[in-house]
Amino acid sequence: MELTIHTQGQFDFVDITTEINGALKETNIQNGAVLICSRHTTASIVVNESEQGIKEDTINFWSRLIPPKGDYQHNQIRQDDNAHAHMLAMFLGPSVTLPIKRGVLDLGVWQRVFLVELDKSRERQVLVQVL
Ligand code: ZN
C-alpha cells in the first residue's frame, strides 16, 4: 500500500498514525510487523510524541547539527538549495519497522508515526508494507 501525503513546508511533522492503522485494517493481518518507508531523499519517517515543544526543540537541534545554509557542493551543482535536507534524511533514515498487534500498530501511549518534511511543501509517497 502507499499513502500520499501533502506536506506544508520544511520541518512539517505530518502525523500518519491514523492513516497507517486504516491501511492495516484493509489487510486483515492481526499480528506481525509493518515497514513504513519514505520514497524520497528529503523526507523521513520518525516515531515520537506529538507535542509542539519537542518538535521545535528537535528542529533547533537538527538546524545546529546540519545548518540549512552552508558551502554545500550539491547546492552549487544542482542549484536546488537543499543539501541540508538530503543530509538530514540520511541521518534520520528513510523508514521504521513497527509491530502490529490485533490489527493495529502496537505503539506506546505517547508514540505517533510522522512523515517529516525536510525540504519544502511537496506531495510525498509513503510505502506501507506488512511483513
Ligand atoms: Zn537536492
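The text that follows walks through the structure, step by step, so that each part is easy to find. Quick caveat: nothing in here was measured; it's all calculated off a predicted structure.

### Brief notes about the coordination of the zinc ion
Bound to the zinc ion on the protein side are H74 (NE2), D80 (OD), N82 (OD1) and H86 (NE2), at distances that span 2.1 to 2.4 Å. Between the four donor atoms coordinating the zinc ion, the angles at the centre fall across 89 to 160°, so the site counts as irregular. In this structure H74 comes out as partly exposed when scored by relative accessible area, which is 22%.

### Here we look at the sheet that holds strand β5 (residues 95-101)
The five strands are arranged β1-β8-β3-β5-β6 in an open sheet whose pairing can be described as antiparallel. Each of the sheet's edge strands pairs with one partner strand only, and the pair in question is β1 (2-6) and β6 (104-105).

### Things to note about the environment of D81
Summarising the element assignment, D81 is placed in the loop between α3 (73-77) and α4 (83-92). For the pair formed by D81 and K69, sequence separation is twelve residues and the distance between their alpha carbons is 8.5 Å. Excluding its chain neighbours within four sequence positions, the residues that come into contact with D81 are K69 and N75. A distance of 3.0 Å separates the side chain of D81 from the side chain of K69, its partner in a polar contact. Polar side-chain contacts of D81 include one of 3.4 Å to the side chain of N75.

Definitions and cut-offs
Residues numbered from 1 in each chain as written. Predicted model: local features only at pLDDT ≥ 70, side-chain atom pairs only at ≥ 80, totals over all residues. Heavy atoms only, no water. Donors = N, O, S within 2.8 Å, 3.2 Å for Na, K, Ca; no water. Tetrahedral: all angles 85-135°; square planar, octahedral: opposite > 155°, others 65-115°. Buried < 20%, exposed > 50% of the residue type's maximum accessible area, 1.4 Å probe, protein only. Pairing = 2+ DSSP bridges. Helix = DSSP H or I, 4+ residues; strand = E, 2+ residues; numbered from the N terminus. Contact = heavy atoms within 4.5 Å. Polar contact = N/O pair within 3.5 Å; in protein donor to acceptor, adjacent residues only side chain to side chain.

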